[in-house]
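Remarks on the overall topology
If you want the building blocks of each chain, they are given just below.
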Amino acid sequence: MNLSTNIITLLQPPRIVFGNGCAPQCAEFLAQRGCRRALLVSSSPLLSQLDAVTGALKKSGVETVTAPAVDQEPTLSAFETVRQLAHTEKVDGVLGIGGGSVIDVAKLVAALVDGNQTATEVFGINLLKHRALPLVCLPTTAGTGAEVSPNAILLDETDELKKGAISPHLVPDAAFLDPLLTLSVPPSVTAATGLDALTHCIEAYANKFAHPVMDTIARQGMKLISANLLRAVCDGNEVEARAALALGSLYGGLCLGPVNTAAVHALSYPLGGRFHIAHGVSNAVLLPHVLRFNFSAAPARYAEIAEALGVAGTGSDLSTAERGVEYLSELSRNCGVPQKLSDLNVPRAAIPALAKAAMQVTRLLKNNLRPLAEQDAIRIYEAAY
Ligand SMILES: NC(=O)c1ccc[n+]([C@@H]2O[C@H](COP(=O)([O-])OP(=O)(O)OC[C@H]3O[C@@H](n4cnc5c(N)ncnc54)[C@H](O)[C@@H]3O)[C@@H](O)[C@H]2O)c1
Ligand SMILES: [Fe+2]
């Protein structure tokens with residue numbers, strides 16, 4: 001890794017608003033962008049909490065068309081249903097209020113509503129030609145960071161693979177991060193989504209394309225999430241812990257465009273695709289094993305990660321890095337997250353096929369500090385079993 005020669009492109013929404021109670025401000029922004037009829041994409045547990053936002057939209061002269069709720073990690077066909085509704089209803093803007101699942105659908109609907117390209121055509125890097133409509137996103141988990149990233153992920157049911165579109169056109173026009181929207185997230189989702197955000201920071205910090213600009217943000221994200229995750233899992237109404245996690249999630253999300261993730265996410269996608277394991281949970285189960293595999297490529301980086309998590313150094317990079325991984329396992333266990341693939345109803349016999357599928361996620365494997373072959377993926381899934 002040669003940090004001084006890595007080129008960095010900062011990619012983020014031109015407007016990021018952060019703070020308790022900021023959600024209704026999205027209405028004025030949409031109105032200023034000329035939006036009069038917005039598609040609202042959200043999920044069932046949130047619909048009853050959106051009165052302040054829908055009231056503000058009405059006051060700003062923006063009508064809302066509510067899409068069918070996105071309650072699960074989205075498939076191509078779930079996306080297509082929402083896209084068609086947006087097309088028929090002739091909306092002129094898209095507002096996504098939810099977790100990563102909702103936001104990814106909102107992003108792709110805003111991009112593809114005009115039917116000039118299909119979702120399948122834009123999976124990959126920079127294949128999307130433009131975005132048809134203005135797009136505003138409000139995250140309600142902390143989280144994927146999708147509200148600030150150029151990525152959107154859908155499950156392709158035909159081959160049971162989660163596929164990503166990456167394009168600057170998928171970066172929303174504005175993101176409003178209101179930590180109060182996350183107070184209602186149940187403990188298990190708080191834990192899984194928080195560990196996902198932490199994994200974004202870790203994989204951006206230990207990454208072939210790491211860069212000092214994002215290192216600072218990634219390190220701060222690790223500190224915030226490490227110090228606050230268990231607090232928020234134990235008491236969802238801890239407003240300060242929720243705000244710290246929302247900020248940590250934003251930091252993780254900001255890393256996605258310029259640096260992105262690596263092998264943890266690459267090996268995690270087939271678990272989501274085939275066994276519908278929640279994104280944060282599959283990452284959390286694999287994280288310690290992928291990190292141990294990677295240590296030898298950059299022991300000092302992994303020791304720095306341990307220190308950012310709050311673990312005391314031992315004087316040796318490798319043993320500090322190992323302590324960091326033990327700490328991560330303990331944090332995840334204390335948060336009630338399953339620790340093994342065997343706890344998640346994944347049959348051991350599926351491992352070779354999982355490894356084969358993971359090898360297709362080249363857009364992320366290319367970022368991994370240590371080259372990872374199919375046999376290595378098998379060994380990592382075995383270790384996590
Ligand atoms: N686009 C990106 O940059 C990016 C990055 C990472 C992950 N992802 C994708 O995002 C998806 C996962 O998103 P997620 O982890 O945020 O989970 P999610 O959006 O699937 O939400 C998990 C559950 O929590 C519920 N929920 C969300 N907010 C809530 C709230 N405030 N109160 C109560 N319940 C609430 C949802 O209805 C859902 O049932 C995956 O498909 C993953 O691949 C995208
Ligand atoms: Fe993620």
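My aim in this report is to walk through the structure given alongside it, one point at a time. (Residues numbered from 1 in each chain as written. Chains lettered and ligands numbered in written order. Predicted model: local features only at pLDDT ≥ 70, side-chain atom pairs only at ≥ 80, totals over all residues. Heavy atoms only, no water.)

1. Details of the site of ligand 1
Condition: Residues are classed as near a molecule or strand on a simple rule: at least one heavy atom within 4 Å of it. Nitrogen and oxygen atoms within 3.5 Å of one another constitute a polar contact, given that in protein one can donate a hydrogen and the other can accept it, and given that sequence-neighbouring residues count only through two side-chain atoms. Per-residue accessibility takes into account occlusion by the displayed protein chains alone, with areas from the Shrake-Rupley method and a 1.4 Å probe. The secondary structure listing takes helices from DSSP runs of H or I that are at least 4 residues long and strands from runs of E that are at least 2 residues long, numbered from the N terminus. For this classification, the nonpolar set comprises Ala, Val, Leu, Ile, Met, Phe, Trp, Tyr, Cys and Pro, the charged set comprises Asp, Glu, Lys and Arg, and every other residue, Gly included, is treated as polar.
Contacts to ligand 1 come from 29 residues, most closely from S101, D104, T140, T141 and S149. In this structure, an oxygen atom belonging to ligand 1 sits 2.6 Å away from a side-chain N or O atom of S149. One of the backbone nitrogen or oxygen atoms of L181 is found 2.9 Å away from a nitrogen atom of ligand 1. For ligand 1, whose accessible area on its own is 870 Å², the fraction buried by protein is 91%. Looking at which element gives the most residues to the shell around ligand 1, the answer is helix α7 (residues 187-205), with four residues. Along the lines of polarity and charge, the residues of the shell around ligand 1 split into 11 nonpolar, 13 polar and five charged.

2. Regarding the coordination of the iron ion (ligand 2)
Rules: Metal coordination here is assigned from N, O and S atoms located within 2.8 Å of the ion, or within 3.2 Å for Na, K and Ca; omission of water means that sites may look incomplete. Between 85 and 135 degrees for all angles marks four donors as tetrahedral; over 155 degrees for opposite donors together with 65 to 115 for all other angles marks four donors as square planar and six as octahedral; every other arrangement is irregular. A 1.4 Å probe rolled over the protein chains alone gives each residue an accessible area, and that area as a share of the maximum for its type sets the label: buried under 20%, exposed over 50%, partly exposed in between.
The protein atoms that coordinate the iron ion (ligand 2) are D196 (OD), H200 (NE2), H265 (NE2) and H279 (NE2), at distances spanning 2.1 to 2.2 Å. Given four donor atoms and angles of 86 to 167 degrees at the metal, the environment of the iron ion (ligand 2) is assigned as irregular. On the primary sequence, the residues serving as donors to the iron ion (ligand 2) are separated as D-x3-H-x64-H-x13-H. Of this pair, D196 sits in helix α7 while H279 sits in helix α11 (residues 279-294), placing them 83 residues apart in sequence. Classification of D196 by relative accessible area gives buried; the value is 2%. Take H279: its relative accessible area is 13%, and that puts it in the buried class.

3. Looking at the sheet that holds strand β3 (residues 63-66)
As a reminder of what qualifies: Between any two strands, at least two bridges found by DSSP are needed for them to pair. Helix axes are fitted to C-alpha atoms over the stretch in contact, other axes to C-alpha atoms as well, and angles between N-to-C directions run from 0 to 180 degrees.
The six strands are arranged β1-β9-β6-β4-β2-β3 in an open sheet whose pairing can be described as parallel. The two strands at the open ends of the sheet, each matched to only one other strand, are β1 (15-18) and β3. Averaged over all pairs of adjacent strands, the angle between their axes in this sheet comes to 20 degrees, without regard to strand direction. Judged from the two bridges that link them, strand β6 (residues 135-139) and strand β9 (residues 174-177) form a sheet pairing that is parallel.

4. Notes on the packing of helix α8 (residues 212-234) against helix α9 (residues 239-256)
When two helices pack together, their arrangement is given by the angle between their axes and by how far apart the axes lie. Short version of the rule: The crossing is said to be left-handed when, going from far helix to near helix, the turn is anticlockwise and less than a right angle, and right-handed when the turn is clockwise. Between two residues, a contact is recorded if the distance between any of their heavy atoms is within 4.5 Å.
Packing of α8 against α9 leaves a shortest axis separation of 8 Å and a crossing angle of 150 degrees. Two packed elements cross with a definite hand, and for α8 against α9 that hand is left-handed. Every residue of α9 that contacts α8 at M214, I217, A218, Q220, G221, L224, I225, N228, L229, R231 and A232 is listed here: E240, A241, R242, A244, L245, L247, G248, S249, Y251, L254 and C255. Of the residues contributing to the contact of α8 with α9, the split by class is 14 nonpolar, five polar and three charged.

5. Digging into the sheet that holds strand β7 (residues 151-156)
Pairing within the open sheet is mixed, and its three strands lie in the order β5-β8-β7. Either end of the sheet is taken by a strand with one partner, and the two such strands are β5 (124-125) and β7. Where β7 lies against strand β8 (residues 161-166), six bridges are found, and the strand directions are antiparallel. Pairing of N151 across the sheet is with I166, part of β8.

6. Some points on the pattern of salt bridges
Pairing of side chains with opposite charge becomes possible as their charged atoms draw close. Quick note on the threshold: Any Lys or Arg side-chain nitrogen found within 4 Å of a carboxyl oxygen on Asp or Glu counts as a salt bridge.
The tally for this structure, following the rule as stated, stands at 16 salt bridges. For R131, the salt bridge is made with D173, and the minimal N-O distance between the two is 2.7 Å. Of this pair, R131 sits in the loop between β5 and β6 while D173 sits in the loop between β8 and β9, and the two are 42 residues apart along the sequence. Within the structure, one salt-bridge network assembled from shared partners comprises R33, R131 and D173.

By themselves, these are just geometric observations and shouldn't be taken as functional.
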